[in-house]
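What follows is the residue order along each chain.
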Protein chains: 2
Amino acid sequence: MRASVLSDWLAQRLDRGNGQPIYRQLHRLLQQAILSRELPAGSKVPSSRLLAQELGIGRNTVTQVYEQLVLEGYVSSATGRGTFVADSAPDEIVGAPDAEAADAARTRNAGAAQAAASPSSSSPLPQQAARALSTRGARLIAGAGVSKRQWGAFMPGVPDVTKFPARVWSRLHNKYWRRLRPDLLTYAPGGGLAALRHALADYLRTSRSVRCTPEQIIVTTGIHQSVDLAVRLLSDPGDVIWTEDPCYWGVRSVLHVSGLQSRPIAVDAEGINPSPDDLAQPPKLMLVTPSHQYPLGMVMSLARRRMLLEYARQHQCWIIEDDYDSEFRYGSRPLASLQGLDTSGQVIYVGSFGKTLFPGLRIGYLVVPEALAESFATASAELYREGQLLQQAMLAEFIAEGHFTSHIRKMRTLYGQRRQTLLDAASQRYGDALPAVGGDAGLHLVMQLPEGSDDRLVAAAALERNIIVRPLSGYYAQPSLAPSGLLIGYACVPDEAIAPAFNTLSDAIDATLPQFA
Amino acid sequence: MRASVLSDWLAQRLDRGNGQPIYRQLHRLLQQAILSRELPAGSKVPSSRLLAQELGIGRNTVTQVYEQLVLEGYVSSATGRGTFVADSAPDEIVGAPDAEAADAARTRNAGAAQAAASPSSSSPLPQQAARALSTRGARLIAGAGVSKRQWGAFMPGVPDVTKFPARVWSRLHNKYWRRLRPDLLTYAPGGGLAALRHALADYLRTSRSVRCTPEQIIVTTGIHQSVDLAVRLLSDPGDVIWTEDPCYWGVRSVLHVSGLQSRPIAVDAEGINPSPDDLAQPPKLMLVTPSHQYPLGMVMSLARRRMLLEYARQHQCWIIEDDYDSEFRYGSRPLASLQGLDTSGQVIYVGSFGKTLFPGLRIGYLVVPEALAESFATASAELYREGQLLQQAMLAEFIAEGHFTSHIRKMRTLYGQRRQTLLDAASQRYGDALPAVGGDAGLHLVMQLPEGSDDRLVAAAALERNIIVRPLSGYYAQPSLAPSGLLIGYACVPDEAIAPAFNTLSDAIDATLPQFA
């Protein structure tokens, strides 16, 4: 089928009378056309304007469907040139007969991904095939989970940056730029600015019971770089890493592109819960979120912590502790870090200022065992050639002057209120039908959807209404078998906007899930 | 031999009468003790204070020797705990009988490096062995070329950051922080801020004859991240990349840690010069510096450019063009970029603001072929989770207001004068005995040393006198076979300090090389 006859083919199949939203029908039909190769890899799809016109539907609907297909890896769009069926379309990845193919691309099926990028795959456009990404590149793109939108209700994982004390920050900036210190404008020594490492060591010792000297702290640009550094120094391609299932999508990409095989480990109410089968095959590394399981929110029990540490000691595994969201705990006191319980130097602790200050700052840190400190500092300078020392100096002073802890305190109160407002709105609309979990800490909660419902469709319908939520299933290794739910970030939404935004979200839910229609 | 008896062993062997500097003798003796395993892996060496006292020599000398041994991978120091013989000491790497072992660690002898990190290597301290880095980690550390010092005469590759228009920058900063835009404080969309991509496209089209739209520009944190991204998207572990020999040490580490095999290709007066043997085995990628070969400074000829492009087109290789130092060309006009000659979309162009503004800024960019733009933008957001949009907004305005080109113009004049001052000082002291090359462009020149002289010893002797230069041999794949020379960076040295600093450097040269004593 040539792209030019696509409109006719679609027009014959769209059914306004069957009760299914047009958005959903169009999405399914285009997936079908691509999976069946009726729309071959490399072919151009009509512009959203043209297709909307020919089908007599809203252009917005077409745009949203195209965006969804881009996210799922079915098509890619080159600005100014149009939208094309992806070279490594999900059909080639698993030969799957249905929409779940897109999910498969997100799993760690490396062999299949290789097939996708193999030069022998029959592409109708040899020139485009020659441009093919490498195997790891194609797999990275196919599995990419990053969103096109980074700000707005209910973006998960984003703090209210408008409350950041901009005046204090500007004062510090002007101070450092007035009396310019050349050593702050050049490359960073490995590990980062000493003043910041000292301030951080004090803070982490006091607030998180982390045991460390300033020399054990390595300043990075955030969790991604911290994990990248740890993985490259402590593991080799083919090594296995335990990841929690579900876990943060972004870290999976960082692990895979460095050649690690991740083994998803189920979580229960006490956190990561390896089965006897899992325990029989010790991994090289494990990546855990003990303070606040991401994204579900449970706290790892003390018993589980002790078990993990003992297991890691016996089998010489490294534990990467992502202390995500530990600062924002409503009600109960934050638990001490896993690193603080570690007596044999097996834990690599990672944290960042992205949630406590603002994401765009790009300052994070690792705390590494003493014996590794020098190697991590050297490798960081060697691999990333870091700078931003002036910003690090500002941040060190910001912490030392007490602005950091005071900002966290204020935000904890504010986010706690917003969380309650959201919970109230949800319970008012749905009662106990859609329970929320994971709200005791952090910047988001998870609203569970009825079993069997497609949370990706709900998220897409919400986006159509300008509301950003993320489908819970996307955080699992096998989305098609995962529970259905929505990550709803409340921290960045002004108090008065929460209820209206939730109403809009509930419109999307009701329009997508028949039981609420 | 226990560390406590090391002082006696050394005292018996140091010979003040043999004409060799004490620094050099001590360095060799410690290398011997480690290579022969008389000082076993993991053992602690005496503090510099104690050893200096017991040997009756200056503490500075001991400190410098220790620092040199750290750089070479023989020992590692943990602040507050002392200095230890490295787990992966060079003896285990190649079993080499002499000081060249350190060089071997810098070559791409992956098999040997594996042996070093193998858990079977007999370490006397099992606990430390358990802390061992992975194979790629150990290799990265063994080959690390990053310097502990990042500012001072004659640090190569660093511009004069004190001349940066700090007032303009502060004004822009205050403007953006006064009216806070939340979208500038959160995560970056893949590819970076649109305003900066537009400003950059205009600049690169005009100044560097780069053919691109703003969408083809991907903002990164610098050359390291740009190369990392290109390599991960376009190559797989085991793929071969051609690198120039010599080349920038930092990029080699980035390539190796991603599993690439680099094949060093000789350069001649026209730039990279692949032999028939090289040409018979097309690589997946090549990394070249056509505008100003780094570090030798020659410009790639038009014939060579055409040959490379045609070869890459025929064999489907990607060319990464590092347009290093292209802005600072004294006398002749800068040549157009290789990318501008490319008609088949095979060139990935990389550049950064590190040399034109200040290194600590950490903003660089890629220009990628149109067909890859979307994939690069997605992968960048997915792998690095970038931010720093406010800084990108400031930079876009800085460029649009004309400050960028005006600053480059001023610096070009200033650096041209400093280059001449340095050349005058060198020719006054050494005449034609030590010729300088590569000074037509860039921020450094290369002073050639007599054949057979050890440029690392000269650099170490200079560092002892607080002068930073880098040995040319360290930029080659096989330092032991490389020509001897010094990279001397003049850009960051105030005019009046150049001649005195060169005098100090010549003291170090004269003290190390007998022909000048």
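Just so it is clear, the structure is predicted and the values come from calculations on it, not from any experiment. (Residues numbered from 1 in each chain as written. Chains lettered and ligands numbered in written order. Predicted model: local features only at pLDDT ≥ 70, side-chain atom pairs only at ≥ 80, totals over all residues. Heavy atoms only, no water.)

Draft legend 1. Local environment of the overall build of chain A. The helix and strand tally for chain A stands at 21 helices and 15 strands. Counting only residues that meet the buried cut, chain A has 63% of its 517 residues in that class. Long-range pairs, those at least 24 residues apart, make up 73% of the contacts in chain A between residues at least 6 apart in sequence. Looking at chain A as shown, the accessible area adds up to about 18700 Å², and 50% of this sits on carbon and sulfur atoms. (Helix = DSSP H or I, 4+ residues; strand = E, 2+ residues; numbered from the N terminus. Buried < 20%, exposed > 50% of the residue type's maximum accessible area, 1.4 Å probe, protein only. Contact = heavy atoms within 4.5 Å. Areas by Shrake-Rupley, 256 points an atom, 1.4 Å probe, with all protein chains shown as cover.)

Draft legend 2. Main features of the environment of A:Pro450. Among the secondary structure elements, A:Pro450 is positioned in the loop between β13 (444-448) and α20 (455-464). If near-sequence neighbours (up to four positions away) are discounted, A:Pro450 is found in contact with A:Leu434, A:Ser484, A:Leu513, A:Gln515 and A:Phe516.

Draft legend 3. The packing of helix α9 (residues 135-142) of chain A against helix α13 (residues 223-234) of chain B, seen in detail. Interhelical geometry of α9(A) versus α13(B) gives an angle of 100 degrees and a closest axis separation of 5 Å. With respect to their mutual orientation, α9(A) and α13(B) come out roughly perpendicular. Residue-level contacts link A:Arg136, A:Gly137, A:Leu140 and A:Ile141 of α9(A) to B:Val231, B:Arg232 and B:Leu233 of α13(B). (Axes fitted to C-alpha atoms, helices over the stretch in contact; angles between N-to-C directions. Parallel < 35°, antiparallel > 145°, perpendicular 65-115°, else oblique.)

Draft legend 4. Examining the side chain of A:Arg305 more closely. Positionally, A:Arg305 belongs in helix α16 (residues 302-315). Although A:Arg305 is buried, it forms no salt bridge, and the closest oppositely charged side chain is A:Glu321 at an N-O distance of 4.9 Å. (Lys, Arg positive; Asp, Glu negative; His and termini not counted. Salt bridge = Lys/Arg side-chain N within 4 Å of Asp/Glu carboxyl O.)

Draft legend 5. Spotlight on the sheet that holds strand β12 (residues 436-437) of chain B. Residues and elements named next belong to chain B. Read from one edge of the open sheet, four strands run β12-β13-β15-β14, paired in antiparallel fashion. The strands lining the two open edges of the sheet, one partner per strand, are β12 and β14 (470-471). Relative to strand β13 (residues 444-448), β12 runs antiparallel, the two being bridged by two bridges. Bridge pairing in β13 places Val 437 opposite Val 446. Each of β14 and β15 (485-489) touches helix α20 (residues 455-464); the most contacted strand, β15, lies at about 40 degrees to it. (Pairing = 2+ DSSP bridges.)

Draft legend 6. Seen up close, the side chain of A:Arg136. As for its placement among the helices and strands, A:Arg136 is situated in helix α9. For the buried A:Arg136, no salt bridge is present, and the opposite-charge side chain at shortest range is B:Asp236, 4.4 Å distant. At 2.9 Å, the side chain of A:Arg136 and the backbone oxygen of B:Ser258 are in polar contact. Contact partners of A:Arg136, with chain neighbours within four places excluded, come to A:Val257, B:Val231, B:Arg232, B:Ser235, B:Asp236, B:Pro237, B:Ser258 and B:Leu260. (Polar contact = N/O pair within 3.5 Å; in protein donor to acceptor, adjacent residues only side chain to side chain.)

Draft legend 7. Representation of the nonpolar core. Core analysis: the biggest nonpolar cluster contains 159 residues, and A:Phe154 and B:Phe154 have the highest contact counts within it. Counting 94 residues, the second-largest nonpolar core is a separate cluster that includes A:Trp318, B:Leu133, B:Trp249 and B:Met298. (Core = buried A, V, L, I, M, F, W, Y, C linked by side-chain atoms within 4.5 Å.)

Draft legend 8. How the structure looks around the sheet that holds strand β6 (residues 261-268) of chain A. Residue and element names in this part refer to chain A. Spatial strand order, β4-β11-β10-β9-β8-β5-β6-β7: eight strands in an open sheet with mixed pairing. Looking at strand neighbours, the two that pair on one side only are β4 (217-220) and β7 (271-272), the edges of this open sheet. The pairing of strand β5 (residues 240-245) with β6 spans six bridges and is classified as parallel. The residue of β6 that forms the bridge with Glu 244 is Ile 265. Contacts between helix α13 (residues 223-234) and the sheet are confined to β4, β8 (285-288), β9 (318-322), β10 (347-352) and β11 (364-367), with β10 contributing the most and set at about 160 degrees to the helix.

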